[in-house]
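Below, each chain spelled out in residue letters.
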Amino acid sequence: MWISKYFVYFVIFSVMGWIYESAFCTIKTGKWQNRGFLYGPLCPIYGVGATAITFIVDQAEAHGLSDMAGWQIFLIAFFGSIVLEYVTSYVLEKLFHAYWWDYSDVPLNINGRVCLPASIGFGIAGLIVVYGIAPFTKQMVGWIPPSWMEFLSLIMMAVVAADTTLTVSVLTHFEQNVIALESTVNQHMEEFVSTIQEKTQEASANFAEERARFSRENLERSIQNMEKTHRLALKRVQGFRSTDKEKEKRVYSREMVLESIKKYISTGRRS
């Protein structure tokens, strides 16, 4: 019973996180942004964080620690968000060579995965969840009978599992395409270099320009052959990292991917 209850909390918090994240990014960019890892209106990382802090506070109250101070909740949310964001970013990048957020331009960041300003914000968000959102959510679902709670959680689990499977399938397929694309680019550039007679500064500039041009053309060709739903999944990715472990250079950035996707996203047709 308690697992079903907290899973329902997780879905509700994930939807709230998606609304916040999409609204914030839309206002920031001036264009609609569908944020999140999954196809559906869910941001699982928000759901996990909010559910975790709710569970911790509930357990503390169950063990007679109902007077947990605000600063304690803040610190739990602060350090918890650091662990959650860093581990999630690291795992997703290792699995898909992609990243959904990047704090590299924000002061006091660690490898672009976490940063002090965002962690402070999540610490404050923890207080909002505990004192505002969680009580409201508990009241909202409190009227649901236990048997219906079990049924509702099973339905939600099935939907989230299907969404996750589809998203992972798309990203895995694209990650394999990226490996093939990089191999093609490297082979093309070897042939290109062999045609250069003088190793001058101008030749170096031509090399970089040719690599960018050929990479973009191959990426666009790959995206043209995708279904519209696949392009939507890629549109939510912040960027892709090289599969070459000896370099951290970003070969396919969010800008390059989006520039290729936007040509076909409105029609969903293959060209």
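This text follows the structure it describes.
Residues numbered from 1 in each chain as written. Predicted model: local features only at pLDDT ≥ 70, side-chain atom pairs only at ≥ 80, totals over all residues. Heavy atoms only, no water.

**A look at the overall build of the protein**
Reasoning step 1: Helix and strand counts for the protein stand at 8 helices and 5 strands.
Reasoning step 2: In the protein, which comprises 271 residues, the share counted as buried stands at 40%.
Reasoning step 3: Across the protein, the fraction of contacts at a sequence separation of at least 24, relative to all contacts at a separation of at least 6, is 72%.
Reasoning step 4: Entry remark: accessible area of the protein is about 15,300 Å², with carbon and sulfur atoms responsible for 64%. (Helix = DSSP H or I, 4+ residues; strand = E, 2+ residues; numbered from the N terminus. Buried < 20%, exposed > 50% of the residue type's maximum accessible area, 1.4 Å probe, protein only. Contact = heavy atoms within 4.5 Å. Areas by Shrake-Rupley, 256 points an atom, 1.4 Å probe, with all protein chains shown as cover.)

**Overview of the nonpolar core**
Reasoning step 1: V11, F37, F96, W100 and V141 are the most contacted members of the largest nonpolar core, which totals 33 residues.
Reasoning step 2: Mapped by element, the contributors of at least two residues to this core are α1 (2–29), α2 (44–62), α3 (70–96), α4 (116–141) and α5 (146–194).
Reasoning step 3: When residues of this core are assigned to their parent elements, the largest contribution, 8 residues, is made by α1. (Core = buried A, V, L, I, M, F, W, Y, C linked by side-chain atoms within 4.5 Å.)

**Considerations on α3**
Reasoning step 1: With 27 residues, α3 should cover 39 Å at 1.5 Å per step; its first-to-last C-alpha distance of 38 Å lies within 8% of that length.
Reasoning step 2: Among the residues of α3, I73, A77, F78, S81, E85, S89, L92, E93 and F96 are the ones counted as buried.
Reasoning step 3: Note on α3: the residue one or two positions beyond its end, H97, has a positive phi of about 55°. (Expected span 1.5 Å × (residues − 1).)

**Notes on the environment of L108**
Reasoning step 1: Turning to its location among the elements, L108 is positioned in the loop between β1 (98–99) and β2 (109–110).
Reasoning step 2: With relative accessibility at 63%, the residue L108 sits in the exposed group.
Reasoning step 3: Along the sequence, L108 and A118 sit 10 residues apart, while their C-alpha atoms lie 10.0 Å from each other.
Reasoning step 4: Those residues in contact with L108 that lie beyond four places of it in its chain are V114, C115 and L116.

**Things to note about the packing of α2 against α3**
Reasoning step 1: Packing of α2 against α3 leaves a shortest axis separation of 10 Å and a crossing angle of 145°. Crossing angle aside, the handedness with which α2 passes α3 is right-handed. Where α2 abuts α3, its residues I45, V48, G49, I53 and I56 lie against I73, I76, A77, L84, E85 and T88.
Reasoning step 2: Its residues assigned to classes, the contact of α2 with α3 comprises 8 nonpolar, 2 polar and 1 charged. (Axes fitted to C-alpha atoms, helices over the stretch in contact; angles between N-to-C directions. Left-handed = near helix turned anticlockwise from the far one by under 90°. Nonpolar A, V, L, I, M, F, W, Y, C, P; charged D, E, K, R; others polar.)

**Considerations on the environment of D163**
Reasoning step 1: Note that D163 resides in helix α5.
Reasoning step 2: Separated by 121 residues in the primary sequence, D163 and L42 have C-alpha atoms spaced 9.9 Å apart.
Reasoning step 3: Setting aside residues no more than four positions away along its own chain, D163 makes contact with L38, Y39 and G40.

**Quick word on the pattern of salt bridges**
Oppositely charged side chains may form a pair once their charged atoms are brought near each other.
Reasoning step 1: Within this structure, the stated rule accounts for 2 salt bridges.
Reasoning step 2: Salt-bridge contacts for E93 lead to R113; the nearest nitrogen and oxygen are separated by 3.3 Å. Placement of the pair is E93 in helix α3 and R113 in the loop between β2 and β3 (114–115), with a sequence separation of 20 residues. With respect to class, E93 is no different from R113; both count as buried. (Salt bridge = Lys/Arg side-chain N within 4 Å of Asp/Glu carboxyl O.)

**Some points on α2**
Reasoning step 1: Taking 1.5 Å as the rise per residue, α2 with 19 residues should run 27 Å; its terminal C-alpha atoms sit 26 Å apart, in good agreement.
Reasoning step 2: Of the positions making up α2, those classed as buried are Y46, G47, A50, T51, I53, T54, V57, D58 and A60.
Reasoning step 3: In the core, the buried residues of α2 are packed alongside α1, α3 and α4.
Reasoning step 4: After α2 finishes, the residue G64 shows a positive phi value of roughly 80°.

**Thoughts on a nonpolar patch on the surface**
Reasoning step 1: On the surface, W2, I3, F55, I56, I76, L154 and M157 cluster together into a nonpolar patch covering about 630 Å² of accessible area.
Reasoning step 2: Among the elements of the structure, α1, α2 and α5 are those that each provide at least two residues to the nonpolar patch.
Reasoning step 3: Mapped onto the secondary structure, I56 falls in helix α2.
Reasoning step 4: Here I56 falls in the partly exposed class, since its relative accessible area comes to 36%. (Patch = residues over 30% accessible without salt bridge, like charges linked within 9 Å, V, L, I, M, F, W, Y side chains within 5 Å.)

Fair warning: the whole summary comes from geometry, so function is off the table for now.
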